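The lines below spell out each chain.
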Amino acid sequence: MANWTDNIVEKVNTAADAIKNIGDINEVDVATAPREVVWEDGKVKLFHFTRNEKPKAKTPVIISYALVNRWAMMDLQPDRSFIRKLISEGIDVYVIDWGYPTRTDRYKSMEDYILGDLNNCVDYVRNAHGIEKVNLLGVCQGGTFSLIYSALNPDKIKNLITLVTPVEFADNDGLLFKWSREMDVDTMVESFGGLIPGDFLNFGFDLLKPMNKMRKYYGFNDVAKDKASLMNFLRMEKWVSDSPAQAGETYRKFIKDLYQQNKLAEGTFELGGQIVDLKKISMPVLTIYAKDDHIVPPDSTRPINDLIGSKDKELMEFPGGHIGVFVGSRSQKMLTTAVAQWLVDRDK
Amino acid sequence: MNWMDLNKTGDFWKAWQDSVKGFAGQSQASTDPMKEWWNQQERFWKDAMEKTTGMLGNQPDLARQWQDMQGNFMKQWMDMAQQAMTKTPSMGTEPSDMWKQFARQTETWYADAFKNKLPEQLRPHFQTYMDMYKMFTTQWENIQGMIKNGLVEPKVIWQMVNPAQYADAVGKVMGFKPMKDLDEVTRQANQFFEQLRAAALKMFPAAEEQVLEMNEAFTNWSNQQTDQFFPFMNSIKEVMKQNLEPYFHVTGDETQAEVLRSLKEMQFSYLAYLHHSAKLQKMVLDAGAQVLPSMMQEARESYNKDHDMPSFDTFFTDYMNRLENAIVETMHTEEYTVTQNQVLASGAKSKMIYDEMLENIFKDWPFMTKREADDLAKETTLLRRRMRELEARIGAMTPEVNGVSKKSAPSPQVVSSDAVINLIGKAEKGKSDDLKEIKGIGEKLENLLNEIGITSYKQLAKMDATVYAMIDDLIPAFKGRAMRDDWASQARELLKTNSLV
C-alpha cells in the first residue's frame, strides 16, 4: 500500500488520456478495404476488392464466410486485415456477403445458399475473368459450404482452402457439438418463427467459455489510454455484436444433418437431390485449423484431409483460437502469407 | 460525441470538484486551477450558446475545444495534486477515505464513459464485469482479514460475502433469468395464468365495448378541439372504424375456447420451463460456489507458511478463471446437457403456444398474420429456386440454340457476341440510336452493348427471353436488367413514337 499515491495518480492520468481518446471516437470503422459490389441477388452481394497492381496469381479467390457473424472479421482493422494482406500478397479477392436474413428468408435452405448464391458467385467470377475455374476459400460454416460445393462442382474450382471448418461432427468433445446432438431443433426453429436470432447463436458460443465475454474487459483502462488499442478493442466489440440471424431451414439442416447425424463425413449428405461425396474433391486443398479453437476443435477439422479425394492436400496448424487465428499478430502474419503463397504456387 | 457524453463528463467534473474541496485548506495553490477552470467553463459555454442552438455534438470544433479544455485541466490538476501530496507527509503513508472515494469515483466515471462506446448489446456484459469487480474491491479487505485469521470455512465466508451478489453475477454471466424462490415463482406464475384465463373469458365482448367506448370518447373530445390536426385524425379513425367494425364479431365462441385451452397448455409448459431452469441454475451456482472458499483456503495455507498475501489483481483474475473452469466442468456433464435442452424445449414450446394463440385471435382480422406471412416467404423461396432451375436450363440450351455444339465440360464463355447478333441482326450501317432512352440503360451499359454490336432500337426490339439470357451471360454485371426492364417492348414503343414524329 506504500505507493497508493502513485496508484491514484496513475489512475487519474490514465483517465485524463482516456477523456481525450474516448471523446475523440465518433465512429468505429471495420471492413474498410476499398471494394465494389459486382453482383447481387436479394440480400446476398458479391464484393470485388479494388487493387492497384496486377495480381501475382491470375485466378481470383472467392471468400465464403460463415452465415454466423460477418465477414468483416477478415478486414477488421487496416493494419491487421486478412483481406488487405491477401491483396498485397498479389491475390485478386472477392468476398460473398450473405446479408442479414429476415423472416422472409426463413425457408431459404442450404441448397439455396450453396447451389444458388455460391454457385452464382462462382459463375459470375468465371465469366468476368473468362476462366473455367476459380479459387474458393471458406471460413467455418462457409468452409463446410465450400467443401459441399466443391464436391458437387469439382470442374469449377481450381484450388480450395478451408479455414477452421468443421466436417467431422461426431467424434469430438466440443460442448457445442455435444449440446447440438441432443437439441430439439424442430421446436427451436418453429418457436423462433423460422429465423434463428443472432443473439441466440452468439449466446451459445459465449457459453462455451462463459467468462470470456467479461474477462476481456479486465484491464480496460490500460486499453483505453492508448488510442490505437482502444479503437481495435472497439472494432472487435463491434464485430462481436454484429450477428445476423440465420434462416431457419438452413439452421435445421445444418444441425440435423451435420451436428446430429454427421452425414457429410459419412458420405450420406444430400443436397438438391445429389449425394455429396467428398472423395469427388480432386483439386488441391489446403486445410487450416487453429490449435486452441474451442468452437470448431481441431478434431472436427483435421479429418477433411482424409475425407477428400485430392492428391495435392495439406494440413496447417496455426496458434490461436477460432477468432484469434485471424487477428492475432503472429498467426495472422504467417497465416495470410502461407495462404497467398499456396495459391500462387498453384496458379499454373 | 454527443450531448449525453458531455453531460456525463460534466457530472464527473462536478463530483470531482466536490471531492477535492477538502484539499483547499491544505494547499492554497489547489484552489487556483479550480477557479481558472470554472472561468474557462463559463467563457466556453457563453461562447458556445452564441454559436449553436442545437446539440454540441453537431459542432465538432466546439466539442473538441471542450474536450481539450478538460484534458488540459486534468493534467494541470494532477501535477498540482502530486505536489500537494508529496508536501503533506501524513498523506503519503495512509490513504484517506476521501482519496479512496476519489479514486473510486474516477474509476466509475471512466467505466461509464467506456461503456457508452461499446455496442449496446455488449454493455450488460461490461456491467456484469464491473459488478463482479466491485464486489471484489469492496470485499477485498474482508477477504484478506478472513485469510489472515483463518476464517475460511464456507459458512463464515458466505456471511461476509453476500451470496446473493455471487448468484446475481454468475446468473448474468450465464444469462439466467433470476429465480430466487422457485415455490414463490411457481405460485406467481399460476396466479398469472388464472388471471389471464379470467380475462380471456370476457375478453371478446369486452374488447368490442371498449373499442366503441373509446371511439365515442375520442370523437367527442376531438370535436371540441380547434386545431386542424384533430378533425383530421378523427376522419382517419372513422375510416378505420368502418373497416374494422365487421370483424368485431367474428372472433366468437370457438376462438375463445381455443384461447382458453392454449392458456392452460402454456401454463404447464411454462411451469416446466421454470422448474428445469431452476435445476440448471442450481447446478451451475453450486459448482461455482466452491471456488471462493477453496481459493481462500489455499491462500490461508500459503499465508501460514510465509505470510504471503496474493495481490488483488492476481486473486481477481484467478477467481474468474477458476470460476469458469468449475462451470465448464459442470456443463460437460450429461445431466447439464439434458437439463439445458429441457429448458430450451419447454421455453420454446411456451412460445409456440403463445404464437398459436395470437394467430387464433387475429385470424379473421383484415391484416396479415405471421402464418400468412410464412406462406408468402415459402412461396418466394420456392419461386427463387424455380427461377434458378430455369436459368440453368436456359444457360444449358443457349449453345444449341446457336447451333454451337455443346462441349462436354461447360465453358464459361460459350455465349459470343456473334451469336447474339445472329439472332437480332446487325444494325443498319451508320445507324446508331441513343440507347440511354431505354429505361434501365445508362452510359456504361450502352457502351457495353455497343461493344457487342448492339446500337439500334430495331435490334433491341427483336430481343426475347433467349437473347436476354445471352446478354446476361455477356454482361453479368447487369444480370437480369434486360428482362426486368423489358427492353424489347420499350424499344418497340420508341420506334413507334419515332415513326410518328
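Computed from a prediction, not measured in an experiment: that's the story for all the values here.

Rules behind the numbers
Residues numbered from 1 in each chain as written. Chains lettered and ligands numbered in written order. Predicted model: local features only at pLDDT ≥ 70, side-chain atom pairs only at ≥ 80, totals over all residues. Heavy atoms only, no water. Helix = DSSP H or I, 4+ residues; strand = E, 2+ residues; numbered from the N terminus. Contact = heavy atoms within 4.5 Å. Areas by Shrake-Rupley, 256 points an atom, 1.4 Å probe, with all protein chains shown as cover. Buried < 20%, exposed > 50% of the residue type's maximum accessible area, 1.4 Å probe, protein only. Axes fitted to C-alpha atoms, helices over the stretch in contact; angles between N-to-C directions. Parallel < 35°, antiparallel > 145°, perpendicular 65-115°, else oblique. Nonpolar A, V, L, I, M, F, W, Y, C, P; charged D, E, K, R; others polar. Pairing = 2+ DSSP bridges. Polar contact = N/O pair within 3.5 Å; in protein donor to acceptor, adjacent residues only side chain to side chain. Phe/Tyr/Trp six-rings, centres within 6.5 Å; stacked < 30°, edge-to-face > 60°. Salt bridge = Lys/Arg side-chain N within 4 Å of Asp/Glu carboxyl O.

Looking at the overall build of chain A
Of regular secondary structure, chain A possesses 16 helices and 12 strands. Residue pairs in contact within chain A that sit at least 24 positions apart in sequence constitute 79% of those at least 6 positions apart. Split by element, the accessible area of chain A, about 12,400 Å² in all, is 48% carbon and sulfur.

Describing the overall build of chain B
Across its full length, chain B holds 21 helices and 0 strands. Within chain B, the proportion of its 501 residues that are buried is 39%. For chain B, the proportion of contacts with a sequence separation of at least 24, taken over those separated by at least 6, is 72%. With an accessible surface of roughly 28,900 Å², chain B has 54% of that area assigned to carbon and sulfur atoms.

What about the environment of Lys238(A)?
Residue position: Lys238(A) is located in helix α10 (residues 227-241). Along the primary structure Lys238(A) and Asp29(A) are separated by 209 residues, whereas in three dimensions their C-alpha atoms are 8.7 Å apart. With near-sequence residues (within four places) excluded, Lys238(A) lies in contact with Val28(A), Val30(A) and Pro119(B).

Examining unusual backbone geometry
With phi around 50 degrees, Cys140(A) is a residue other than glycine that occupies positive phi space. With respect to the helices and strands, Cys140(A) occurs in the loop between β5 (134-139) and α4 (141-152). On the accessibility criterion, Cys140(A) (15% relative accessible area) is buried. You will see that His307(B), though not glycine, has its phi angle at about 55 degrees, which is positive. Note on placement: His307(B) falls in the loop between α12 (291-306) and α13 (312-331). Relative accessible area serves as the criterion here: at 56%, His307(B) is assigned to the exposed category.

Some points on the packing of helix α3 (residues 110-129) of chain A against α4(A)
Residue and element names in this part refer to chain A. Across the interface, α3 lies against α4 with an axial gap of 10 Å and an inter-helix angle of 70 degrees. Between α3 and α4, the angle is such that the two are roughly perpendicular. Where α3 abuts α4, its residues Met110, Tyr113, Ile114, Leu115, Leu118, Asn119 and Val122 lie against Phe145, Ser146, Ile148, Tyr149 and Leu152. Class assignment of the residues belonging to the contact of α3 with α4 gives a composition of 10 nonpolar, 2 polar and no charged.

Structural notes on the sheet that holds strand β12 (residues 313-318) of chain A
Residues and elements named next belong to chain A. The strand order across the open sheet formed by 8 strands is β1-β2-β4-β3-β5-β6-β11-β12, and the pairing between neighbours is mixed. The open sheet is flanked by β1 (35-41) and β12, the only strands paired with a single partner. For this sheet, the mean angle separating the axes of adjacent strands, direction not counted, is 20 degrees. Here β1 pairs with strand β2 (residues 44-49) via 6 bridges, running antiparallel. Looking across to β2, one finds that Glu36 is bridged to His48. Against the sheet, α3 touches β1, β2, β3 (61-64), β4 (93-97), β5 and β6 (157-163), its axis set at about 125 degrees to β1.

So, the side chain of His48(A)
Residues and elements named next belong to chain A. Summarising the element assignment, His48 is placed in strand β2. What makes His48 buried here is its relative accessible area of 17%. A distance of 2.8 Å separates polar atoms of two side chains, one belonging to His48 and the other to Asp92. Sequence-distant contacts of His48, defined by excluding residues within four places in its chain, comprise Arg35, Glu36, Val38, Asp92, Val93 and Tyr94.

Regarding the packing of aromatic side chains
With the rule as written, the count across this model stands at 37 aromatic pairs over all chains. Between Phe169(A) and Phe254(A), the ring centres sit 6.1 Å apart and the planes meet at 90 degrees, which makes this aromatic pair edge-to-face. On the criterion of sequence distance, the pair formed by Phe169(A) in the loop between β6 and α5 (175-181) and Phe254(A) in helix α11 (residues 248-260) is long-range, its members being 85 residues apart. Centre to centre, the rings of Trp179(A) and Tyr336(B) are 5.8 Å apart; their planes meet at 40 degrees, and the pair counts as tilted. Residue Trp179(A) is found in helix α5, and its partner Tyr336(B) is found in helix α14 (residues 334-362); the two belong to separate chains. Pair check on accessibility: Trp179(A) and Tyr336(B) agree, each one buried.

Here we look at the pattern of salt bridges
Residue and element names in this part refer to chain B. Inspection of every chain in the model, using the stated rule, returns 43 salt bridges over all chains. For the salt bridge of Lys458 with Glu428, the shortest nitrogen-to-oxygen distance reads 3.2 Å. Here the residue Lys458 occupies a position in helix α18 (residues 457-461), and Glu428 occupies one in the loop between α16 (417-424) and α17 (443-452), the gap between them amounting to 30 residues. Its relative accessible area of 44% is what places Glu428 among the partly exposed residues.

Re the environment of Ser269(B)
Residue and element names in this part refer to chain B. Relative to the elements of secondary structure, Ser269 occurs in helix α11 (residues 253-289). Separated by 78 residues in the primary sequence, Ser269 and Gly347 place their C-alpha atoms 7.4 Å from one another. Each residue touching Ser269, except ones within four places of it in the same chain, is listed here: Ser346, Lys349, Ser350 and Ile353. For Ser269, the side chain forms a polar contact with the side chain of Ser350, separated by 3.0 Å.

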